[in-house]
Amino acid sequence: MISTYLSHCNLSISEAVVAGQLAELDAYLDTHSLSATWSYQIPELGEGGSCSLFGNLQEAPFLLTDFVTRNSESEQQLSRLQTIAEYVKTATKVDWFGIYQARPAEGIQQLLKLAYYGAPSRPLFPITEAFAATSNNIQTYLSEQARVINNIPDYVAQGGEYYTCDPKVQAEVCLPLLNQQGECLGIIDAEAFEQECFDEYKLAVLVAACIRAIEYLPS
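Here the structure is a predicted model, which is why all the values come from computation and not from measurement.

Definitions and cut-offs
All residue numbers refer to position in the chain's written sequence, counted from 1. For a predicted model such as this one, the threshold for reporting local features is a pLDDT of at least 70, and the threshold for listing and counting side-chain atom pairs is 80 or more; totals across whole chains, interfaces and linings nevertheless cover every residue. Side-chain measures were taken over the full set of non-hydrogen atoms in the model, leaving aside hydrogen atoms and water. Any two strands are treated as partners once DSSP identifies two or more bridges connecting them. Only runs of H or I of at least four residues qualify as helices and only runs of E of at least two qualify as strands under DSSP, and these elements are numbered from the N terminus. For helices, the axis comes from a line fit to the C-alpha atoms of the stretch in contact; other axes are also lines fit to C-alpha atoms, and the angle between any two N-to-C directions lies between 0 and 180 degrees. The set of buried Ala, Val, Leu, Ile, Met, Phe, Trp, Tyr and Cys residues whose side-chain atoms join them within 4.5 Å is what this entry labels a nonpolar core. Throughout this description, buried means an accessible area under 20% of the type-specific maximum (1.4 Å probe, protein chains only), exposed means over 50%, and partly exposed covers the range between. For this analysis, residues touch if any pair of their heavy atoms sits within 4.5 Å. The rule is short: rings of Phe, Tyr and Trp, with Trp giving its six-membered ring, pair when the centres are within 6.5 Å, and they are stacked under 30 degrees, edge-to-face over 60, tilted in between. Cation placement over rings: the criterion is NZ of Lys or CZ of Arg within 6 Å of the ring centroid and within 35° of the ring normal. Salt bridges are identified by distance alone: a Lys or Arg side-chain nitrogen within 4 Å of an Asp or Glu carboxyl oxygen. For classification, angles of less than 35 degrees are called roughly parallel, those exceeding 145 degrees roughly antiparallel, those between 65 and 115 degrees roughly perpendicular, and all remaining angles oblique. We call a crossing left-handed when the near helix sits turned anticlockwise from the far one by less than a right angle, and right-handed when that turn is clockwise.

Structural notes on the sheet that holds strand 9 (residues 171-178)
Strand pairing in a sheet is mediated by backbone hydrogen bonds. Such pairs are either parallel or antiparallel. Read across the sheet, six strands follow the order 7-6-5-10-9-8 without closing on themselves; strand pairing throughout is antiparallel. This sheet does not close on itself; its edge strands, each paired only once, are strand 7 (124-126) and strand 8 (147-149). For this sheet, the mean inter-axis angle between neighbouring strands, taken without regard to orientation, is 25°. Pairing geometry for strand 9 and strand 10 (residues 184-192), over eight bridges, is antiparallel. Looking at the pairing, A171 lines up with A192 of strand 10.

Here it is in structure tokens:
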């Protein structure tokens, strides 16, 4: 399972380190249970809806119930995803982390944010080639490959396209959520306010989160 995931995503990190983090995550899930988050604040979007206006929040909260049916099963699933997000926070101390699922939303297929911690951020990312031009989230989903950018200013200076949500972010990792058939069902996104943040240990935590989160995506 771990080796298949790492190979699929083209990640060169130790299987043993990932296995250790997966065991730590499972132990955390056995002893912790956070409440599901069914609504959250989101930023205003700029002209055309492409960029978030950081620091300007929409008055009305975003409601997951508009996209996911709320019942006992989905309540448990989102609780587990929020607990996984909390484990990532505890284990890595990264500044932002989110779990997204590909779902129909507003007439098209989009990445929907199901669980997260950190500053408010946009809830939906259109799964289109046009949006992939600047979005690590969509590039990761479409390519099913890991994207690790440990120095965003340097990446941009070298010509890399980058969608800026929070200007404090200096490093970012996006990883695909793959089921047992190797199909990509979503992504995770982790951001840090310091460069060169994502070492092998933190990447192993994130891979463990992917391997477990796929089990709790709502139907």
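Description of the nonpolar core
By size, the foremost hydrophobic cluster in this structure holds 72 residues, and its most contacted members are L81, F97, L175 and F198. Examining the composition of this core, we find that 10 residues originate from one element, helix 7 (residues 200-213), more than from any other. Apart from the residues within four sequence positions on either side, F97 is in contact with A85, V88, A115, Y116, Y117, I188, D189, A190, L206 and A209.

Regarding the packing of aromatic side chains
What the rule picks out here adds up to eight aromatic pairs. Summarising the aromatic geometry, the rings of F125 and F131 are spaced 5.9 Å apart at their centres and angled 75° between planes, so their arrangement reads as edge-to-face. In terms of burial, F125 and F131 fall into one category: buried. By the ring-pair criterion, three or more aromatic residues cluster together here, those being Y40, F62, F67, W96 and Y116. Here the basic side chain of K89 rests over the ring of Y117, its NZ or CZ set 5.7 Å away from the ring centre. Over the face of the ring belonging to F125 we find R122, whose NZ or CZ atom lies 5.0 Å from the ring centre.

Quick look at the pattern of salt bridges
Scanning all chains against the criterion turns up three salt bridges. Of the charged contacts, one joins D26 and R212 as a salt bridge, the two residues approaching to 2.7 Å between their closest N and O atoms. Residue D26 is found in helix 2 (residues 15-31), and its partner R212 is found in helix 7; the two are separated by 186 residues along the sequence. Classification of D26 by relative accessible area gives partly exposed; the value is 26%. Salt-bridge contacts for E75 lead to R70; the nearest nitrogen and oxygen are separated by 2.9 Å. For E75, a relative accessible area of 27% gives the class partly exposed.

As for the pairing of strand 9
Counting buried positions along strand 9 yields eight of eight residues, so the element is predominantly enclosed. Relative to strand 9, strand 8 is paired through three bridges, and the arrangement is antiparallel. When the sheet's bridge partners are listed, I149 is paired in strand 9 with E172. Adjacent in sequence and paired antiparallel, strand 9 and strand 10 are bridged by five residues, among which G182 carries a positive phi angle near 85°.

Things to note about the packing of helix 2 against helix 3 (residues 72-92)
Two elements in contact, helix 2 and helix 3, have axes whose closest approach is 10 Å; the angle formed by their N-to-C orientations is 125°. Relative to helix 3, the element helix 2 lies oblique. Once helix 2 is placed against helix 3, the crossing between them reads as right-handed. Contact with helix 2, carried on its side by Q21, E24, L25, Y28 and L29, involves R80, T83, I84, E86, Y87 and T90 of helix 3 and no other residues of that element.

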